Amino acid sequence: MELTRRSILRTLAAGAGALAVRHFSPRLSARAVDDAVATTTAGRVRGLRDAEIHVFKGIRYGADTATRRFLPPIAPTPWTGIRDAIEFGAIAPQAGMRERPMSEDCLHLNVWTPGLRDTGRRPVLVWFHPGAYSGGTSNELEADGARLSRRGNVTVVTVNHRLNTFGHLYLADIAGEEFADSGNVGILDLVLALKWVRDNAEEFGGDPHNVTIFGQSGGGAKCATLMAMPAAKGLFHRVLTMSGQQITASRVTTATHHAEQLLTALELPRDRVRALQSLPMEQLVKVSRAPTYLGPVKDGRSLPRDPFDPDAPPISAGIPMILGNTAGETRTLIGRGDPSIFALTWGTLRAKLEANSSFMGDLDRGDVIAKYREWHPDYSPADVFFAATTASRSWRGQVIEADRRAAQPRAASHTWVYQFDWRTPVAGGRWGAHHGLDVPFVFDNAILVPDKVGTGDDAVRLAEQMSAMCIAFARTGRPATRGLPDWPVYDLSRRATMVFDAASRVVNDPRGNERRLFDQVPYVQPGT
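Conventions used here
Residues numbered from 1 in each chain as written. Predicted model: local features only at pLDDT ≥ 70, side-chain atom pairs only at ≥ 80, totals over all residues. Heavy atoms only, no water. Phe/Tyr/Trp six-rings, centres within 6.5 Å; stacked < 30°, edge-to-face > 60°. Helix = DSSP H or I, 4+ residues; strand = E, 2+ residues; numbered from the N terminus. Buried < 20%, exposed > 50% of the residue type's maximum accessible area, 1.4 Å probe, protein only. Salt bridge = Lys/Arg side-chain N within 4 Å of Asp/Glu carboxyl O. Contact = heavy atoms within 4.5 Å. Axes fitted to C-alpha atoms, helices over the stretch in contact; angles between N-to-C directions. Parallel < 35°, antiparallel > 145°, perpendicular 65-115°, else oblique. Nonpolar A, V, L, I, M, F, W, Y, C, P; charged D, E, K, R; others polar. Expected span 1.5 Å × (residues − 1). Bend = angle between axes of the 7 residues up to and from the residue.

Caption draft 1: Fine view of the packing of aromatic side chains. Tallied over the full model, the rule gives 14 aromatic pairs. Plain terms: the ring middles of Phe342 and Trp431 are 5.6 Å apart, the flat faces sit at 85° to each other, and that makes the pair edge-to-face. Placement of the pair is Phe342 in the loop between α10 (330-333) and α11 (349-355) and Trp431 in the loop between β11 (415-420) and α15 (439-442), with a sequence separation of 89 residues. Classification of Trp431 by relative accessible area gives buried; the value is 15%.

Caption draft 2: Geometry of the pattern of salt bridges. A full pass over the atoms with the stated rule returns 34 salt bridges. When the shortest N-O distance is used, the salt bridge between Glu142 and Lys452 registers 2.8 Å. Note that Glu142 is positioned in the loop between β6 (122-128) and α3 (146-152) and Lys452 in helix α16 (residues 450-453), a separation of 310 residues in sequence. The residues Glu142 and Lys452 share a single accessibility class, namely buried.

Caption draft 3: Local environment of the side chain of Thr65. Looking at the secondary structure, you find Thr65 in the loop between β3 (53-60) and β4 (82-84). A relative accessible area of 4% means that Thr65 is categorised as buried. Beyond its immediate stretch of four places on either side in the chain, Thr65 contacts Glu104, Leu107 and Arg162.

Caption draft 4: Quick look at the packing of helix α6 (residues 185-200) against helix α7 (residues 218-226). Relative to each other, α6 and α7 sit at 75°, their axes nearing to 11 Å. Regarding the angle of α6 to α7, the classification is roughly perpendicular. Residues Ile187, Leu190, Val191 and Leu194 of α6 pack against Lys222, Thr225 and Leu226 of α7. Here the contact of α6 with α7 is built from residues that sort into five nonpolar, one polar and one charged.

Caption draft 5: View of helix α13 (residues 381-406). Along its 26 residues, α13 runs 35 Å from first to last C-alpha, staying within 8% of the 38 Å computed at 1.5 Å per residue. Where α13 bends most, the angle comes to about 55°, and this point is Trp395.

Okay, here's the thing in structure tokens:
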């Protein structure tokens, strides 16, 4: 059933808020019947005012991409009257999300703010969602911006954009110059969203000159990519990445091969490549996983260089940056799809590690196991598996990015690193400090996702601490808060790292043995 503004208000006024809550906000109350009207550069939008926060969902920042498939985005056509902004927009086309409405008309964003047109000049935090470059959406409960906005008196924006085939299919070498930017249109969508923030921030009580971009997993990688894009220069002023890195981008030859894989799956010859523009969306979604990888392309245009290779991007050296990871990334990244890992024995560990450790290069897997058993005699075989795959796969890219920032004079004085060690008690603790666990803590939304973090007081306190850190960083460019010990900048001599846990603390080079072990192996970004 399509929910209209009138039906939502009627539902809320009748006290039956559960339906509206499921679709719009975890905290909507009867007070949400109050209108909130804002004037954007394209036209007026009507949201809701709930618990002192103005909430706008599904605001259009770009035109429908169906008629501009594989082409850079453009601003929306201005409208007259007032458009409702009380429902999330359709998510980007992607495989595995059949339960949600999908559309190529997906360039929408959501805004939470304490004030409108009040010269509040609040810090603006812009969230890019996880899901690599192939899936996901910002329309998620754990990324609801109401609590963060209220806690810090900040304006929160979450963004949806093109993904997979629709966002990163490089066609220039096959279809011609018209498609020169096709490998990066999903990132160019984010550039357009940041331009929207620049042009509309003051209407939503924010400061266009104080914009923080932050994201987890693929969202963090998108932040890293934007740091190397000339088109994004000046559109953001702080960066917080969480378990998401982008050292290199796809080469043109590699990206062209990935496009050919998609053509093969569709049984389309190269000379019929333009048929891709008119195929039904559903047909492209079905083959969106045929390419080995789809992500940013070093095309010499929109992305003229690798994001963090051979050094940190000079055009972003003056921007403060925090890089974070979780201690047990692969406990869900790999363990959720292969429960047998939790039952490994010392006799079966090596074979399982060999099947899941392409990031370890030519290191002898037996030697790797022996070292972990020496460093951590209390570890089980499963613990060794997850520690080694996390350190070599997910954490390694963060170390490289942080080291290259520390080696860059202009960046060294404002780069910080954290590690999230808090282990969720859910499922008997098997998931540990897994990939993505820090997201509801940064948003101060731990209380909203007990199925992910449990219901203990430690989770609530840690969410207060991490959200305060995020707010302080957005406001001042430094992550200093009263609830944390002094947090030194990251340098190559100490590698000071804030370890977030029930009792957060600073540790120098907390996994130095693992870092030195995997430094012996050349790092290869997937898909490049």
